[in-house]
Amino acid sequence: MCKEAGCGACIVSYSRPSDDAAFGRHIVQGVNSCMVSITSCQDWEISTIEGIGNRLKGYHPLQVTLAKDNGTQCGYCSPGWVMAMYSLLKTKPRTMLDVERDLSSNTCRCTGYRPILEAFKKFASDAPPNKLIDIEDLRLCHKDNELRKCERKIDNTDWYLVSAKEVPNKMIRLELHDHRTWYRVEMINDIFNIFITEGTDSYMLINGNTGKGVVPILEYPRLLIDISCVWELQGHYLDQNLVIGAGTTLTKVMEIFEDISEDEYFSYLKVLKAHLDVVAHIPVKNVGTIAGNLMVKHRHPEFQSDVFLLLTTVGAELTILYAPGLTEVVPMHKFLQLDMTGKILLNVLFPPLNSQYKIWTHKIMPRSQNSHAYVNCGFLYKLDKVTKEVLECRIAYGGLSPKFTRAARTESFVVGRRLFSNETLQGALSVLDQELTLFVVPMPPNPSVEYRKDVALALFYKGILALAPKNEISPYYATGAIKIHESRPVSKAQQDFDTDPATYPLNKPIPKLEGLLQCAGEAKYTDDVPTLPGEVYACFVLTTVPLGKIVKIDPSKALERPGVIAFYSAADIPGINSFIPVNPKYIVLVQRDEELLCDGNVKYFNQPLGIIVAETEKLAEIASKLVHVTYTDVKKPVLDIKIAKRDPARNTLTLNIPATRVGPNVNRIITGERTIYSQYHFCMETLACVSHPTEEGIKVYATTQWIDGIQGMTSRALKMDTGRIDVSVRRLGGGFGLKITRPTQQAVACNLVVSKLNRPCRFIQSMRTNMRAVGKRLPNSVDFEASVSDTGVIQYIKYSIYSDNGYIFNENFTSLGMDLYYNCYDRGPWNYTSYNTVTDTASNTWCRSPGALENVTSTEMIMEQIAYELGLDPLNVRLANLDRVRHNAIQEMTDSIMAKAEYRERRNNVERFNKENRWKKRGLRFTFLKWSPFGTQYYDVNLSVFHDDGAVIISHGGVEMGQGVNTKAVQICAYYLKIPVEKIQIKPNDTLTTPNGFATGGSLTSQNVGIGVQKCCEALLQILAPVREKLENPTWEQLIQAAFAADLDLQTHALVNASDQEYSDVYGVTLSEVEIDVLTGEHEIKRVDLIEDTGRSLNPDIDVGQVEGAFIMGVGYWTCEEMVYDPPTGEVLTDRTWDYHVPQARDIPEDFRVYFRKGSFGTPKALGAKVVGEPATCMGVGIALALREAITAARTDSGISSRVWYDIDGPYTVEKIYLNSATKREQFKLN
Ligand SMILES: Cc1cc2nc3c(=O)[nH]c(=O)nc-3n(C[C@H](O)[C@H](O)[C@H](O)COP(=O)(O)OP(=O)(O)OC[C@H]3O[C@@H](n4cnc5c(N)ncnc54)[C@H](O)[C@@H]3O)c2cc1C
Ligand code: FES
Ligand code: FES
């Protein structure tokens, strides 16, 4: 969970009095509970996921439908989605398009969004009739929420919107536990009275309290004044201006805009409302206010506030209240210069603007929704009715520099000129260019100065295209006016697979068994373990230098804080200072020890060096920042794999697989370098551990893919027998490889605390620490030199891949890529070398499809480069290189996609589109995949039957993290025992029942657990056979009762080990079509057709979910997910949802079609299924390849030959797309 309104996992629905409270009006809305202080909830009615439906009173239709439609995998996000949708429906009916747009509040890392959207669109007002959903069942009522126009005549001479007489004054004062004072006031005068009595040295006015989602607040000021019920600060009225109370929420402001825009002098508010649509998301806007937004901007001018931008664009003014009755009206720029201490933002004045005023605004985001702007802009022109000359003008920007808000010189240039002329445009661009050169400054982690400055120019042009009458613009340039995300339709999807009822329940598409529990919030995760008396909270203390020596650690300041209990460093570890369970058996997994706590030599910025223990989680976090550490020999880090790979001391040759054949037909030699950086796993559940002292030792509840690792390392670090340590895990809120080795560090730290204090300890890693201190997907860089024939067939290729392991080489990626680097192509001519490279960053770790993704996608890029440089169709180059002996399945799957996706016709359409449009370009590209599972797993599986009713329970060594291992195990068991799936339960994974288990990963766990379940069932059936023979056609229950009476063992056990490993290659072909906006770098994925060979899927519904989710994670890797480090220190700058962007619901393909290869069968042991969790991640590169085609088309228009290859180091962000399109300012024309 992010705890900053960025993920949506915590959304609840609430009802509270609104500004029309005097009339008894209540509003019902969604809100991020992580933003709301409990003391703000006075008069609120809150509905949580448990409240709207549960196992006792019955489940809510939203919960049921989401579960049925497989809209949940790990399930950690599911309650948040249900509550977001529930709150939307409570507010007003939504169309399907609304549903997709309005759910930008929520993130799901597992599903790829498609099933969630499909489930919820069934509740839309324009959804096709659905017999299963009875809207009456929703128990929704909208009448409380209808916007009522205020019909009262308000005496507004004092600027207040509600007369004080109408509001009964109820001020509340509370002394909080942490010695802060909380006031809740309902009158403005009371705010000033509090200022007088308590002072203004340390205070905060609380409206929605969402400002902390923009700029985190570690410690609140001494005095907190909740003003969310000061009705005098809310509402609106029209005099000459539209006056809106500054305490009005953004949701309400949008309603007011819609309402008032009917007035011709305020029709421009439609533009502002459309812009506010893409500001934050609905639950934030439900409580976040204009004043709060503007005050965050006031305190942090670097904040790219859209509200400030919009008000600046239209020339709004602010009323500032200095004291009761003492006001000043100021323009926007002056507001930023005011000292606002002890002052109150009272209201905003929107001027009337007649039809001569033209306004256009835009916001460029790293993804299509719920993100702050990289650059935002607003242009207002007052045009002469006849000549169209500019009479008045405002050119406003955000995101360029903390200071720069308006392009004053360009405004002066434009005034007096005809706006819609090439001459004015070029002149204005030239002035703007000079002006921006002076002002645009670096604002990391936001994009470069070059991008933000250039795109600001392009936006100026785009604005003019958008405002110009159609007849002034040539069709060639016209699409430049279109906002690419705004034009996105409702998404659609198809899933096409065969199933064979004869094999059911194998191969049966059924929802995940835990789905409903997850959608109802009844599924338990680590942090749901109830707190015990005396429980303490732990938090890591992190280093603040990248490299250096620790001279002294002084925790005294932290320990002085009441409630802080202890500090531990490496010196306090009784056993070995490591969290890596090194063992010859795990050589594929891990190789060497890694420090649990820094031993004195700092390896990277924010390495854990100690553990702070306190009575609350918050206090532990605060105290962790108070530990004072002195360093010496501090050095600058090397962070970039491209630099590190040139330093022999940082590289180890790990593998060379020489070419077995060299072709004679060399037409060209093609060389290249390709680099792509990191990816954060973004599990919705961060690393977490709760440990309890027990009679014999410690009981550990950890979020981990590897309980054995935690048990072993706790034993080694604490010098405690493993038999005294029990580790248990029910399920994970996402794993993706992060939770194989990394949770062990935190769990051992948590257990150290338990052993030292003999108290229960809870250690929930904050998202920021998770992103800073813990490794991620390995960045990698490839150098290659390929000799190719005239048809692009590789004759010989020297291919070297460098994998950035972080500060230590540990997890063995080389092996994972060993049989994948050539993908599905002829392997003979490949000379493959891989190097492990070290940089001064956290030790990197497994991330969905590790090793495979890096190698396969590099090879796909090489195919593309060969095609471009030879001027060939990349599809033909791929097919020409295909290993038809071993991997001919690819040809068949390509043919299938070509037919289903109407490739030839769409190819022509793309080419025509690109010729006809200068500012929108499309790309349509194939990508191929061969994926080979790797590794050996070792799991125990136990199956027990209860004699009373024949109920079956299974415990197995796999960890359920959304991949559906439990459901598949139940299906297999039901198939063998011929009993209903409802009769079977899966119990949590525990070292007690499944000791010595291997990590869950490599996509193989479902297969191996399945093999174990088969073995258990076969053993049980053998035990039952003699009894069955004696009975005539017994029911299952009769059979079991008879077996029990006969004293038979009703428990079986199986071990799955190396002898059980059977693999078959997985194939995939994807055709992706994208469109880019050349003027901004934004893109839309128009359509994806993806075929994967899943064998005979055990559960096609679950497997479709795995494929879609994996693909979208790959899309994120290649498009919007970018880790940014501070070069001098190595500090992670993208450590929050505010700065790190995973795809959201409207980033997925507009049309997403998934097909399973027909008639395929894996190995018999796997019951014909193939692994499915990871492979599709690799096909996300298809989006990058399609983007390349679109970018190349733009470059061609800029006069650069398509045969000139250009390197783009991934991901393909808006910045990279824009800059590589090589647009020149001179090309900005109207006709
Ligand atoms: C996830 C997320 C996404 C967001 N995305 C965007 C975005 O895309 N674009 C954008 O522009 N913004 C965005 N925001 C910012 C959002 O608009 C603001 O957080 C919100 O408007 C703040 O209002 P609030 O009432 O919650 O302020 P609070 O957090 O309650 O207060 C913020 C500050 O304002 C001061 N204050 C409040 N009211 C007054 C007053 N009347 N007079 C004087 N001082 C006052 C407080 O003392 C405090 O310092 C986002 C926020 C979040 C959490
Ligand atoms: S939105 Fe509240 S925890 Fe993420
Ligand atoms: S199911 Fe959505 S994050 Fe896992």
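Just above, that's the structure.
Residues numbered from 1 in each chain as written. Chains lettered and ligands numbered in written order. Predicted model: local features only at pLDDT ≥ 70, side-chain atom pairs only at ≥ 80, totals over all residues. Heavy atoms only, no water.

> How do you make sense of the overall build of the protein chain when you look at a structure like this?
A tally of helices and strands in the protein chain yields 35 helices and 40 strands. Here the protein chain has a C-alpha radius of gyration of 31 Å; the compact-globule value for 1231 residues is 33 Å, and the two agree. For the protein chain, the C-alpha atoms occupy an extent of roughly 95 × 75 × 70 Å along the three principal directions. Across the 1231 residues in the protein chain, those meeting the buried criterion constitute 65%. Across the protein chain, the fraction of contacts at a sequence separation of at least 24, relative to all contacts at a separation of at least 6, is 78%. Carbon and sulfur atoms make up 52% of the accessible area of the protein chain, which totals about 42,700 Å². (Helix = DSSP H or I, 4+ residues; strand = E, 2+ residues; numbered from the N terminus. Rg over C-alpha atoms; globule rule 2.2 N^0.38 Å. Buried < 20%, exposed > 50% of the residue type's maximum accessible area, 1.4 Å probe, protein only. Contact = heavy atoms within 4.5 Å. Areas by Shrake-Rupley, 256 points an atom, 1.4 Å probe, with all protein chains shown as cover.)

> In this structure, what is going on with empty space enclosed by the protein? I would like to understand it.
Empty space among the atoms becomes visible once a probe the size of a water molecule is rolled across them. The calculated volume of the largest cavity comes to roughly 440 Å³. Of all elements in the fold, only α7 (211-214) and α11 (290-299) reach the threshold of two or more residues within the lining of the largest cavity. Classifying every residue of the lining of the largest cavity gives 10 nonpolar, 16 polar and five charged. At three residues, strand β39 (residues 1083-1092) tops the list of elements feeding residues into the lining of the second largest cavity. The class makeup of the residues in the lining of the second largest cavity is seven nonpolar, four polar and six charged. (1 Å grid on protein atoms, 1.4 Å probe; cavity = no way out; pocket = protein on both sides within 12 Å on 5 of 7 lines; lining within 4 Å. Points joined across faces, edges and corners; volume = space filled by probe spheres on them. Nonpolar A, V, L, I, M, F, W, Y, C, P; charged D, E, K, R; others polar.)

> Sorry, what's going on with the pairing of strand β12 (residues 344-350) here?
A regular strand carries its side chains on alternate faces of the sheet. Of all seven residues in β12, seven are buried, a share of seventy percent or more. When strand β10 (residues 317-323) meets β12, the two strands line up antiparallel, connected through five bridges. Bridge pairing in β12 links leucine 318 to valine 348. (Pairing = 2+ DSSP bridges.)

> Honestly, the site of ligand 1 in this entry has me stumped. Any pointers?
Residues in contact with ligand 1 amount to 37 residues; listed here are only the nearest, Thr210, Thr289, Arg299, Asp306 and Lys363. In the model, an oxygen atom of ligand 1 is placed 3.5 Å from a nitrogen or oxygen of the serine 371 main chain. If ligand 1 stood free it would expose 980 Å²; the protein chains cover 98% of that surface. Counting atoms within 2 Å of the grid points, the majority share of ligand 1 lands in the largest cavity. Broken down by secondary-structure element, the contributors of at least two residues to the shell around ligand 1 are β6 (203-206), α7, α10 (282-287), α11, α12 (306-314) and β12. When residues in the shell around ligand 1 are grouped by element, the largest group, five residues, is from α11. A class-by-class count of the residues in the shell around ligand 1 yields 18 nonpolar, 14 polar and five charged. (Near = heavy atom within 4 Å. Polar contact = N/O pair within 3.5 Å; in protein donor to acceptor, adjacent residues only side chain to side chain. Sits in = over half its atoms within 2 Å of the grid points.)

> Sorry if this is basic, but what is going on with the environment of asparagine 1220 here?
Secondary-structure assignment places asparagine 1220 in helix α35 (residues 1214-1220). The sequence separation of asparagine 1220 and arginine 1146 amounts to 74 residues, and the corresponding C-alpha distance is 24 Å. Excluding its chain neighbours within four sequence positions, the residues that come into contact with asparagine 1220 are Ile1191, Arg1195, Tyr1206, Asp1207 and Ile1208. One polar contact links the side chain of asparagine 1220 to the main-chain carbonyl oxygen of lysine 1216, over a distance of 2.8 Å.

> Just checking my understanding: could you explain the packing of aromatic side chains for this structure?
According to the stated counting rule, one finds 41 aromatic pairs in the structure shown. Judged by centre distance (5.0 Å) and plane angle (80°), the ring pair of tyrosine 821 and tyrosine 822 falls under edge-to-face. An aromatic cluster is built from Trp360, Phe379, Tyr397, Phe404, Phe439 and Phe460, whose rings are joined through pairwise contacts. The ring of tryptophan 1205 is capped by arginine 1188, whose NZ or CZ atom sits 3.6 Å from the centre of that ring. (Phe/Tyr/Trp six-rings, centres within 6.5 Å; stacked < 30°, edge-to-face > 60°. Lys NZ or Arg CZ within 6 Å of the ring centre and 35° of its normal.)

> Even after reading the chapter, I still don't get the sheet that holds strand β33 (residues 939-945), so can you show me in this structure?
Hydrogen bonds along the backbone pair up the strands of a sheet, which may run parallel or antiparallel. Within the open sheet, the four strands sit side by side as β35-β34-β33-β37. Their pairing is mixed. Each edge of the open sheet is held by one strand with a lone partner, namely β35 (984-986) and β37 (1051-1056). Taking the axes of each pair of neighbouring strands and ignoring which way they run, one obtains an average angle of 20° across the sheet. As paired elements, β33 and β37 share six bridges and run antiparallel to each other. By the bridge assignment for β37, asparagine 942 is matched with histidine 1053. Across the sheet, helix α31 (residues 1005-1030) touches β33, β34 (952-956) and β37, and the angle it forms with β37 is around 140°. (Axes fitted to C-alpha atoms, helices over the stretch in contact; angles between N-to-C directions.)

> Help me understand helix α23 (residues 738-757) in this model?
Residues spaced three or four apart along an α-helix face the same direction, because each turn holds 3.6 residues. Helix length check: α23, at 20 residues, gives a terminal C-alpha distance of 29 Å against a target of 28 Å (1.5 Å per residue), a fit within 8%. In the structure, α23 departs most strongly from a straight axis at threonine 744, where the bend amounts to approximately 30°. A positive backbone phi angle near 55° is found at asparagine 758, which sits one or two residues after α23. (Expected span 1.5 Å × (residues − 1). Bend = angle between axes of the 7 residues up to and from the residue.)

> Looking at this structure, I do not really get the side chain of serine 474. What am I missing?
Locating serine 474 in the fold gives a position in the loop between α16 (449-467) and α17 (475-478). Ignoring anything within four residues of it in the chain, the contact list for serine 474 reads Leu1230 and Asn1231.

> I keep staring at the sheet that holds strand β14 (residues 375-383) and nothing clicks. Help me out?
Read from one edge to the other, the open sheet built from three strands follows the order β13-β14-β15, with strand pairing classed as antiparallel. In this open sheet, the two strands that pair with only one neighbour each are β13 (357-364) and β15 (390-398). Neighbouring strand axes in the sheet, compared pairwise and without regard to direction, differ in orientation by 5° on average. Two elements, β14 and β15, share eight bridges in a ladder whose sense is antiparallel. Bridge pairing in β15 places cysteine 377 opposite tyrosine 397. Set on the sheet, α16 makes contact with β13, β14 and β15; between it and β13 the angle comes to about 140°.

> Help me understand the environment of phenylalanine 926 in this model?
Its location among the elements puts phenylalanine 926 in strand β32 (residues 920-931). Between the alpha carbons of phenylalanine 926 and aspartate 528 there is a distance of 44 Å; along the sequence they are 398 residues apart. Excluding anything up to four places from it in sequence, phenylalanine 926 contacts Glu860, Leu875, Arg878, Thr894, Ile897, Met898, Tyr903, Val1069, Thr1070, Leu1071 and Leu1185.

> I tried to follow helix α28 (residues 889-900) on my own but got confused; where do I start?
End to end, α28 covers 17 Å across 12 residues, agreeing with the expected 16 Å (1.5 Å per residue, within 8%). Following α28 by one or two positions, glutamate 902 adopts a phi angle in the positive range, close to 50°.

> What is the right way to read unusual backbone geometry from this model?
Trans peptide bonds make up most of the peptide bonds, and negative phi angles are found at most residues other than glycine. Each neighbour pair has its own omega, and for proline 444 with proline 445 the value is 10°, a cis peptide bond. The omega angle of the peptide bond from glycine 1210 to proline 1211 is 0°, so this bond is cis rather than trans. Among the structural elements, proline 1211 can be located in the loop between α34 (1181-1197) and α35. Non-glycine residue aspartate 43 carries a positive phi angle of around 70°. In this structure, aspartate 43 sits in the loop between β2 (26-32) and β3 (45-47). Within the chain, asparagine 507 stands out as a residue other than glycine whose phi angle is a positive 70°. Relative to the helices and strands, asparagine 507 is located in the loop between β16 (492-496) and α18 (515-519). Relative accessible area serves as the criterion here: at 3%, asparagine 507 is assigned to the buried category.

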